[in-house]
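Per-entry structural report
In case you want the letters, here they are:
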Amino acid sequence: MKAMRLHAVNDFRLDEIEKPVPRGEEILVKIGACGICGSDIPRVFELGTRVYPVALGHEFSGTVVEVGDEKNRDLIGKRAAVFPLIPCRQCPPCKIGSYCQCENYDYLGSRSNGGFAEYCLVPSRWHLVFSENPDVDLEELCMVEPICVAQHAIRRGDLHAGENIVILGAGPIGILTARWARIFGAGQVILTDIDEVKAEFARERGFTVINSMKEDCVARIHEMTGGRGADVVIEGTGTSSGINTAIECVRVGGRVVMLGNPHKDTTIALNNHSLLLRKELVLSGVWNSYYEEFPINEWKYTVHMLDTGRLQAADLITHRSGLDDLGHLFEQIHSREITICKAVYSARLDEK
Ligand SMILES: [Zn+2]
Ligand SMILES: [Zn+2]
């Protein structure tokens, strides 16, 4: 089978490798689609990974084609989103179901082979969240991972019906967070971005977006919230300006959710450090999503919302490629030759 594997930093290429055979609990999934995550770009060009060579891609969906154990025969032909984290199940966070905080995890698409391939060997059926609606295609199902991150950010922000929310960063996670905010009953939903193309893309999807290069977004947000400030701010940029803006535009006693991966040397200005205390803000971090059954499996809820047509995500896919052109697509994103919302590897482009 074909697989896009990282061999070293900057050495990402299409290989022909042995198609894996599932044994025991293992399940072989034929990949339908796999999203390019914001984290995949630095992984390929700057940071690398722990294991080489490895097929990258952790945001993927596919169809069950082979099972190791006869008892899982019923799964063949089913379509699913794949939860890529393999928890140790031994450490304290795992014991309370906080698998994304596992101290000794494995991960499909960074430490083990993932979704930028024709097939992926998944450790067990536990990782699969099945869609029951044939109209939800595999491209949309590959969006489940980022949709769950967005949903988790809203939960971490403890958003209540009627509250105003500001989301800094109008990329795919920002727009998905805005969609969840509406589902959770937000009052005003306000996005910001510094890139007019991204701002306009989110506006076309019905959201209010402030271009913070053109306007003073703190002043605008205060104006739009009757001078109070936002109840919840989701910081999705990981930059100094994002963190400082969040502290300035949130209300007294409000909640700031730290979602964006940190950029180099992010700092909080002295007066904003003081404001964080004076306003008695609540700061919450977000790391991935929540997959245990209690109180709620965010993945199953996401697929349920897609299956019942109450949430859309496929319209955020702006770029697609087959495996042959995937390296080129990565380069175009890295060099900023193209502006994307979501770019995906779509297996149907290889089948033609
Ligand atoms: Zn990701
Ligand atoms: Zn663990």
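Cut-offs and rules
- Residues numbered from 1 in each chain as written.
- Chains lettered and ligands numbered in written order.
- Predicted model: local features only at pLDDT ≥ 70, side-chain atom pairs only at ≥ 80, totals over all residues.
- Heavy atoms only, no water.
- Donors = N, O, S within 2.8 Å, 3.2 Å for Na, K, Ca; no water.
- Tetrahedral: all angles 85-135°; square planar, octahedral: opposite > 155°, others 65-115°.
- Helix = DSSP H or I, 4+ residues; strand = E, 2+ residues; numbered from the N terminus.
- Buried < 20%, exposed > 50% of the residue type's maximum accessible area, 1.4 Å probe, protein only.
- Polar contact = N/O pair within 3.5 Å; in protein donor to acceptor, adjacent residues only side chain to side chain.
- Contact = heavy atoms within 4.5 Å.
- Pairing = 2+ DSSP bridges.
- Domains from an automatic or database assignment.
- Salt bridge = Lys/Arg side-chain N within 4 Å of Asp/Glu carboxyl O.
- Disulfide = S-S within 2.5 Å.

1. Quick word on the coordination of the zinc ion (ligand 2)
Around the zinc ion (ligand 2), the donor atoms from the protein are C88 (SG), C91 (SG), C94 (SG) and C102 (SG), and they sit 2.3 to 2.4 Å away. Taken together, the four donor atoms coordinating the zinc ion (ligand 2) and their angles of 101 to 121° define a geometry best described as tetrahedral. Within one chain, the residues donating to the zinc ion (ligand 2) are spaced in sequence as C-x2-C-x2-C-x7-C. A residue pair is termed long-range when its members are at least 10 positions apart, and C88 in the loop between strand 7 (85–86) and helix 2 (92–95) and C102 in the loop between helix 2 and strand 8 (106–107) qualify at 14 residues. Judged by relative accessible area, which is 6%, C102 ranks as buried.

2. Comments concerning the coordination of the zinc ion (ligand 1)
Of the protein atoms, only C37 (SG), H58 (NE2) and E59 (OE) coordinate the zinc ion (ligand 1), at distances of 2.2 to 2.7 Å. Donor residues binding the zinc ion (ligand 1) come from one chain and are separated in sequence as C-x20-H-E. Accessibility assignment for this pair places H58 and E59 in one class, buried.

3. A short note on the side chain of N164
Mapped onto the elements, N164 comes out in the loop between helix 4 (144–156) and strand 11 (165–168). Of the residues examined, N164 reaches a relative accessible area of 12% and is grouped as buried. From its side chain, N164 meets the backbone nitrogen of Q188 in a polar contact 2.8 Å long. Aside from chain neighbours lying at most four places away, what touches N164 is G187, Q188, T225, A230, D231 and V232.

4. Remarks on the side chain of N288
Looking at the element boundaries, N288 is found in the loop between strand 16 (282–285) and helix 10 (298–307). You can call N288 buried: its relative accessible area is 17%. With sequence-adjacent residues up to four places away left out, N288 is seen in contact with C100, Y107, E145, V149 and H152.

5. Some details on the sheet that holds strand 2 (residues 11–16)
With respect to topology, three strands assemble into an open sheet ordered 2-1-4, the strand pairing being antiparallel. With partners counted over all chains shown, the strands left at the sheet margins are strand 2 and strand 4 (54–55), one partner each. Where strand 1 (residues 2–8) and strand 4 come together, two bridges link them in antiparallel fashion. From the neighbouring strand, L6 faces strand 4, where its bridge partner is V54.

6. Details of the domain arrangement of the chain
How big an interface is tends to be stated in terms of the accessible area lost upon association of its parts. Domain boundaries assigned for the chain yield domain 1 (2–143 + 313–350) and domain 2 (150–285). The C-alpha centroid of domain 2 is placed 30 Å from the C-alpha centroid of domain 1. If you look at the interface, domain 1 gives nine residues, while domain 2 gives ten residues. The interface formed by domain 1 and domain 2 includes two salt bridges. D315 is the salt-bridge partner of R205, the closest N and O atoms lying 2.9 Å from each other. Our count for the contact surface shared by domain 1 and domain 2 stands at two residue pairs in polar contact (both at pLDDT 80 or more).

7. A short note on the state of the cysteines
Tallied over the full model, the rule gives zero disulfides. Looking at the unpaired C100, the closest cysteine sulfur is the one in C102, lying at 9.4 Å. The closest cysteine sulfur to the non-disulfide-bonded C217 is located on C249, 6.3 Å from its own sulfur. Overall, C217 belongs to the buried group, its relative accessible area being 7%.

8. Looking at unusual backbone geometry
Here the amide bond leading from Y52 into P53 is cis, since omega sits at -15°, within 30 degrees of zero. Here P53 shows up in the loop between helix 1 (40–47) and strand 4. In the segment running from F294 into P295, the intervening peptide bond is cis, with an omega of 0°. Structurally, P295 is set in the loop between strand 16 and helix 10. Unusually for a residue other than glycine, N10 sits at a positive phi of about 70°. As for its placement among the helices and strands, N10 is situated in the loop between strand 1 and strand 2. Since its relative accessible area comes to 53%, N10 is described here as exposed. Despite not being glycine, R336 shows a phi value in the positive range, around 60°. Here R336 shows up in the loop between helix 11 (326–334) and strand 18 (342–346). The class for R336 is exposed, based on a relative accessible area of 73%.

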